[in-house]
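# What the coordinates show
Below are the chains, spelled out letter by letter.
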Amino acid sequence: MEDVDNPFKKRFQTILKVLQESTKENDVQLIDGGEHANLTSTIAFSLAKKEKKPPGTIAQECAKEISSNPEFKLLGITIEAKGPYLNFQYNNIPEKDLLKDAIKPGYGSLKKKSARVVLEHTSANPNGPLHVGHIRNSIIGDTLARTFRKAGYNLEVQYYVNDMGRQIAIVVWGFDNLDNTQLKGEKEDTHIARIYIAANRELEKNPGITQQVDHLMQLVEGGDITTVKKFRKEVSRCLDGFVVTLKNLNVAHDRFVWESDFIRNGDTKRIIGRIKKLPQEKEEGSLALDLSEWGFENKYVIRRSDGTTVYAARDLAYHTWKAANFDRIIDVLGADHKLIGAQLICTLKLLGEKAPQIVHFEFVSLPEGSMSTRAGKFVSADDLIAEVTKRAFDEVTKRRPELDESTRRAIAKSVGLAAIRYDIVKVSPEKSTVFDWKEALDFERQSGPYIQYAHARACSILEKAEKFTECFDLETEYELAVAKQIAKFPATIEKVVSELRPHLLAIYARELADTFNTFYHFEPVLKSEGAIRDRRVTLVKAVQNTLKESLETLGIDAISTM
RNA sequence: GGGCGAGUGGCUUAGUCAGGAUAGAGCGUCAGCCUCCUAAGCUGAUGGUCGGGGGUUCAAAUCCCCCCUCGCCCGCCA
């Protein structure tokens, strides 16, 4: 399989070449023709100025000159001047060729690549359950991961476990000094959050506790066995809770990488040694880098004056390790990490290491303000999943009362998951959002369930169609619109990977569902006969398969009935 | 104060990087469509100074400058 939908690329390049030769211009301004044509050139505008002739006339002349080009004839490209626009139309519809691929399993997969890619996402601090902000990271990360795999990359997904931060020291202090009993049925991560919140309250009341927390951090960095064990125990328990939540979101990691391992294996010490040799190094009790030359106002601290390392040191060690083991590094991080991310990249470059590409997403807040684990102000992902699934179950029961309960439960689980994942992935990452229960519980238009429904509808038609002969002709406006959208799928996968923007896939899938629903409304499939029926059933098959591949790449179940 | 991001109909949002032909969509409101392939659907109507002001260009939501509003960041926290 090729990386780009070739029939289109070939035509694009042919038109480009012919236009360049004809106009003697390098930039022939070839753009998408939208509803007017497959491709359009606006070159007549700039030529008008040079040749002092109206653009309309130039377009006419140019069209006349190149319309009989033998390559155009061969590929079935026609040209028409409409006002100043040069419109190119493909008559040997390349959509047809792609339709043959589109009915096969795996449509949209690109050719295998040898590069090893590591993608880090979620990496939330293990001091409380994942909330609706964290899962924006998980869902963007997991969708990217699925798209990279579909695009043929050899990918490993990692979770970086911050197991030696101050928050964890506070958690451990809480377990040591406060009532730490786990409530009946209380999930591990929720338990940790409760103790963490209580410990923070104590800390506010009595700032003297800070010294005890600092002491714990020194002990853990020094490798004190009992302290390390305590940290590991609570962090592990919290991660167990995370894994359950993530599994319910259809998100999985290949490897959990523990921050403290980079202390234990000496990597952090080694990276500090290398940093000390940099000309930007500033050692005045603490160890830091002066990156002002690159526009960073504040110094980048690597090691405290008490000799303990800060997060940055371990993160540098982690990324150096990634650079040694992978060809390409991608991190999904919240917008709050923009500055330190840039400092990290800058430092890695100074060290001559491969730097990560960082995908940043803006914050999710609640109507009453920003979320805070410490203050206990958050909507947990578990609660969200429970509510949405409940709502989905009610909806399925209302629509399909004849189904038995376990079937309805299974559909509700898939529908709920679709609603959550789609709701989050559909908006572009640079947009900050406010969590809204009403929107989260909406299963109509522009939602995951809407796309699932279009897929289920296609499945139903195919089931009823039984026998048909594959036919790749396209006649009506609606058939063509659907085929055109199907044909865009491989290019969409490629675009998501190259731009690291998974919401493009979400938009694509919704538009495919839209065009299919319109087609469904206007063009009878099962009630048509002969060749018309064959070509429409074939088209439905292609839609069903493309929707399935799209949904699965979005981490959403392509269910056949709902 | 400085840096980064966002501002598109009442609400949510695509398009902005690679400027082009009437700025797409959903929710809401209003009017229609289930003896007909799944109505989680479809059709139509309503609704837009693309935050404001300059500039570049034949052409600006899109590029440049200034300003306003909101979010995030500016720790020997992570």
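Residues numbered from 1 in each chain as written. Chains lettered and ligands numbered in written order. Predicted model: local features only at pLDDT ≥ 70, side-chain atom pairs only at ≥ 80, totals over all residues. Heavy atoms only, no water.

## Side note on the sheet that holds strand β11 (residues 328-334)
Backbone-to-backbone hydrogen bonds pair the strands of a sheet. The strands run either parallel or antiparallel. Taken in spatial order, the five strands make up an open sheet running β7-β6-β5-β11-β12, and their pairing is parallel. The sheet is open, and its two borders are formed by β7 (255-258) and β12 (357-361), each paired with just one other strand. The mean inter-strand angle of the sheet, taken between neighbouring strand axes irrespective of direction, is 25°. The pairing of β11 with β12 spans five bridges and is parallel. The residue of β12 that forms the bridge with Asp331 is Ile358. Most of the contacts of helix α6 (residues 134-150) go to β11, to which it runs at about 155°, and overall it touches β5 (116-120), β6 (154-161), β11 and β12. (Pairing = 2+ DSSP bridges. Helix = DSSP H or I, 4+ residues; strand = E, 2+ residues; numbered from the N terminus. Axes fitted to C-alpha atoms, helices over the stretch in contact; angles between N-to-C directions. Contact = heavy atoms within 4.5 Å.)

## Notes on the packing of α6 against helix α16 (residues 405-425)
With their axes 9 Å apart at the nearest point, α6 and α16 run at an angle of 90° to one another. Overall, the two elements α6 and α16 adopt an arrangement that is roughly perpendicular. Contacts between α6 and α16 involve Ile135, Arg136, Ile139, Asp142, Thr143 and Arg146 on the former and, on the latter, Ile420, Arg421, Ile424 and Val425. Classifying every residue of the contact of α6 with α16 by side-chain character gives five nonpolar, one polar and four charged. (Parallel < 35°, antiparallel > 145°, perpendicular 65-115°, else oblique. Nonpolar A, V, L, I, M, F, W, Y, C, P; charged D, E, K, R; others polar.)

## Remarks on the domain arrangement of chain A
Each assigned domain of chain A is listed here: domain 1 (6-92) and domain 2 (163-258). Using only C-alpha atoms to locate each centre, domain 1 and domain 2 end up separated by 64 Å. (Domains from an automatic or database assignment.)

## Focus on the nonpolar core
Most often, soluble globular proteins keep nonpolar side chains buried together rather than apart. The biggest cluster of nonpolar side chains holds 143 residues, and the ones touching the most others in it are Leu86, Phe88 and Ile486. The element that contributes the greatest number of residues to this core is α16, accounting for 10 residues. When residues are assigned to domains, this core turns out to be shared by domain 1 (6-92) and domain 2 (163-258), each giving three or more. When sequence neighbours within four positions are dropped, the list of residues in contact with Phe88 reads Ile15, Leu19, Leu30, Ala37, Asn38, Leu39, Ser41, Ile66, Phe72, Ile77, Thr78 and Ile79. Core analysis: the next-biggest nonpolar cluster, separate from the first, contains 23 residues, Val257, Phe262, Tyr300 and Val310 among them. (Core = buried A, V, L, I, M, F, W, Y, C linked by side-chain atoms within 4.5 Å. Buried < 20%, exposed > 50% of the residue type's maximum accessible area, 1.4 Å probe, protein only.)

## Details of the sheet that holds strand β10 (residues 300-303)
The strand order across the open sheet formed by three strands is β8-β9-β10, and the pairing between neighbours is antiparallel. Where the open sheet ends on each side, the last strands, each with one partner, are β8 (281-284) and β10. The sheet shows a mean angle of 30° between the axes of neighbouring strands, taken without regard to direction. With four bridges connecting them, β8 and strand β9 (residues 286-289) associate as antiparallel partners. What sits directly across from Glu281, in β9, is Leu289.

## Considerations on the packing of aromatic side chains
Overall, the coordinates contain 16 aromatic pairs when judged by the stated rule. Between Phe8 and Tyr90, the ring centres sit 6.3 Å apart and the planes meet at 50°, which makes this aromatic pair tilted. Separated by 82 residues along the polypeptide, Phe8 in helix α1 (residues 6-23) and Tyr90 in strand β4 (residues 85-90) bring together distant segments of the chain. Across the pair, exposure class does not vary: Phe8 and Tyr90 are buried alike. Ring centres of Phe489 and Tyr508 lie 5.5 Å apart, and the angle between their planes is 25°; on these two criteria the pair is classed as stacked. One end of the pair, Phe489, is in helix α20 (residues 489-499); the other, Tyr508, is in helix α21 (residues 503-522), and 19 residues separate them in sequence. Accessibility expressed as a relative area gives 0% for Phe489, which makes it buried. (Phe/Tyr/Trp six-rings, centres within 6.5 Å; stacked < 30°, edge-to-face > 60°.)

## Details of the pattern of salt bridges
Taken as a whole and judged by the stated rule, the model has 40 salt bridges. Taking the shortest distance from any N to any O, the salt bridge between Glu61 and Lys53 comes out at 3.2 Å. Here Lys104 makes a salt bridge to Asp101, at a shortest N to O gap of 3.5 Å. Each of the salt bridges in this network shares a partner with another, and the network as a whole consists of Arg391, Glu395, Lys398 and Arg399. (Salt bridge = Lys/Arg side-chain N within 4 Å of Asp/Glu carboxyl O.)

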